Amino acid sequence: MIRTLLGRAGLIAAAAGLVTVISAAPAAAHGADAPDGTDYRTRTTGVAPARPGLEVRVIEAGARLELTNRTGRAIEVIGYSGEPYLRVGPDGVFENSHSPATYLNRTIAGDTALPAEADPAAAPSWKRIDDGTTARWHDQRALWQESAPPAAVRAAPDREHRVRDWTIPLRDGTDPVAIGGTLDWVPPPDAYTWWAVTIVGLLAVGALGLFAATAPAGARALSALGVLLIVGGVLAVGYPVGRELDAGAQGVGGVLVGLLSGQIWSLLTGLGAIAAGWYALSRRPAADFVTALAGACLALFAGASNAAVFANAIAPVPWSPVAARVMVALFLITGAGATAAGVLRLHATSRTTTAAPARTPTP
């Protein structure tokens with residue numbers, strides 16, 4: 001029995017993996033190294049002195065800054081050695097190929113090797129990187145890049161700490177301007193509690209597979225799984241939408257471009273779960289297998305892939321971290337539970353078919 005169950009579970013996992021390989025796409029709309037969670041909260045206090053039309057905000061859970069310039073004038077972002085780094089104006093966004101920041105800021109870790117042309121003392125060499133008026137970049141001045149937390153955090157990790165106040169100099173023509181902000185340590189949640197609740201929940205959902213499929217209780221259990229998958233699928237579509245909004249996507253078009261280019265598999269996972277839920281509610285043939293497969297995808301690619309929020313204080317979504325953890329827990333509970341229930345129902349059906357006595361031909 002155990003061998004059969006493991007074989008069916010393996011088939012579900014293999015199918016889910018195959019669909020992933022076929023459908024997966026590289027992240028493009030948001031930064032490729034956007035964190036799934038962090039314990040450092042980056043905030044901006046704005047631009048000083050204020051410039052009407054010049055706006056700045058923190059995106060991607062603090063990983064990048066976004067500057068939008070609607071002043072009609074070119075604004076320069078100053079690099080780490082006092083050199084011009086970015087120029088944002090009505091003619092687009094340009095980066096200085098001689099600025100070391102151009103290369104260091106390509107990753108959140110700032111570990112890009114500098115080419116020979118990176119010379120902050122050289123005259124700027126501007127290269128257009130975008131036609132719009134918005135620039136997004138990693139900035140080491142607004143991040144904590146050490147592997148170990150600050151000494152004050154190590155001494156009292158259960159308390160919130162101000163790590164530092166930061167500034168990033170700008171230049172408006174010949175006038176100096178600056179982006180101001182703060183970097184704080186926020187104590188992470190108790191991941192064990194979230195995982196314990198999740199495991200209990202998925203076991204409860206998986207227990208729906210113990211009801212005989214041919215009995216009225218089994219039919220109601222399949223309907224319950226269908227409803228759970230639809231709810232989980234809707235939330236699984238909403239979560240990557242939130243990540244795109246947090247990454248700076250503007251309007252419906254910007255969100256759709258981000259989803260289709262960078263988070264297509266997350267989107268397909270949610271839509272697949274909705275379709276599987278409808279399939280289960282309709283009690284179509286092979287509904288048990290479809291339920292198990294959709295559940296495996298939901299658990300793996302909406303739940304496990306975002307489970308960092310269980311252990312991190314800051315989530316890469318525009319709503320509260322608690323709401324993000326609840327959503328991820330629901331993905332895991334519904335997905336893993338539906339997979340377990342579907343495998344159990346498939347096993348029970350196969351046993352019933354095998355145990356059915358053969359009919360004796362009538363002479």
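Residues numbered from 1 in each chain as written. Predicted model: local features only at pLDDT ≥ 70, side-chain atom pairs only at ≥ 80, totals over all residues. Heavy atoms only, no water.

A. Up close: the overall build of the protein. Of regular secondary structure, the protein possesses 9 helices and 10 strands. A burial count over the protein gives 46% of its 363 residues as buried. For the protein, the proportion of contacts with a sequence separation of at least 24, taken over those separated by at least 6, is 70%. (Helix = DSSP H or I, 4+ residues; strand = E, 2+ residues; numbered from the N terminus. Buried < 20%, exposed > 50% of the residue type's maximum accessible area, 1.4 Å probe, protein only. Contact = heavy atoms within 4.5 Å.)

B. Quick peek at the nonpolar core. Residues Leu 225, Tyr 239, Leu 298, Val 309, Phe 310, Val 328 and Phe 331 are the most contacted members of the largest nonpolar core, which totals 26 residues. At 9 residues, helix α9 (residues 321-355) tops the list of elements feeding residues into this core. Those residues in contact with Val 328 that sit more than four places away from it in its chain are Tyr 239, Gly 303, Asn 306, Ala 307, Val 309 and Phe 310. Core analysis: the second largest hydrophobic core is formed by 24 residues, Tyr 85, Val 93, Val 177 and Trp 185 among them. (Core = buried A, V, L, I, M, F, W, Y, C linked by side-chain atoms within 4.5 Å.)

C. Spatial organisation of the sheet that holds strand β2 (residues 54-59). Taken in spatial order, the 3 strands of this open sheet run β2-β3-β8, and their pairing is antiparallel. Of all the strands in the sheet, the pair left with one neighbour each is β2 and β8 (134-137). Sheet twist, expressed as the mean angle between neighbouring strand axes with direction ignored, is 15 degrees. In terms of strand pairing, β2 meets strand β3 (residues 64-69) through 6 bridges, oriented antiparallel. Bridge pairing in β3 links Val 58 to Leu 65. (Pairing = 2+ DSSP bridges. Axes fitted to C-alpha atoms, helices over the stretch in contact; angles between N-to-C directions.)

D. Focus on the sheet that holds strand β5 (residues 84-89). Reading across the sheet, the 7 strands line up as β1-β10-β9-β4-β5-β6-β7 and stay open at both edges, with antiparallel pairing between neighbours. Edge positions in the sheet fall to β1 (40-48) and β7 (126-130), since each of these pairs with one other strand and no more. Taking the axes of each pair of neighbouring strands and ignoring which way they run, one obtains an average angle of 25 degrees across the sheet. Bridge count between strand β4 (residues 75-78) and strand β9 (residues 161-172): 3 bridges; the pairing is antiparallel. Looking at β9, one finds that Glu 76 is bridged to Arg 171.

E. Here's a closer look at the pattern of salt bridges. In total, this model carries 18 salt bridges according to the counting rule given. When the shortest N-O distance is used, the salt bridge between Asp 172 and Arg 51 registers 2.8 Å. A residue pair is termed long-range when its members are at least 10 positions apart, and Asp 172 in strand β9 and Arg 51 in the loop between β1 and β2 qualify at 121 residues. For Asp 172, a relative accessible area of 8% corresponds to the buried category. Between Arg 57 and Glu 66 there is a salt bridge, and its shortest N-O distance comes to 2.6 Å. Salt bridges sharing common partners tie together Arg 41, Glu 160, Arg 162, Asp 165 and Asp 184. (Salt bridge = Lys/Arg side-chain N within 4 Å of Asp/Glu carboxyl O.)

F. Fine view of the packing of aromatic side chains. On inspection of all chains with the given rule, the structure shows 7 aromatic pairs. Arranged with centres 5.9 Å apart and planes meeting at 15 degrees, the rings of Trp 194 and Phe 310 form a pair that is stacked. Within this pair, whereas Trp 194 is found in helix α4 (residues 191-206), its partner Phe 310 is found in the loop between α8 (287-303) and α9, the two being separated by 116 residues in sequence. Grouping aromatic residues by their ring pairs yields a cluster made of Tyr 40, Trp 144 and Trp 185. One residue, Arg 87, lies across the ring of Phe 94, its end atom 4.4 Å from the ring centre. (Phe/Tyr/Trp six-rings, centres within 6.5 Å; stacked < 30°, edge-to-face > 60°. Lys NZ or Arg CZ within 6 Å of the ring centre and 35° of its normal.)

G. Quick peek at the side chain of Glu 66. Summarising the element assignment, Glu 66 is placed in strand β3. For Glu 66, a relative accessible area of 4% translates into the label buried. A polar contact of 2.6 Å, which involves the side chain of Glu 66, links it to the side chain of Arg 57. Within the structure, Glu 66 has its side chain in polar contact with the side chain of Arg 136 (distance 2.8 Å). (Polar contact = N/O pair within 3.5 Å; in protein donor to acceptor, adjacent residues only side chain to side chain.)

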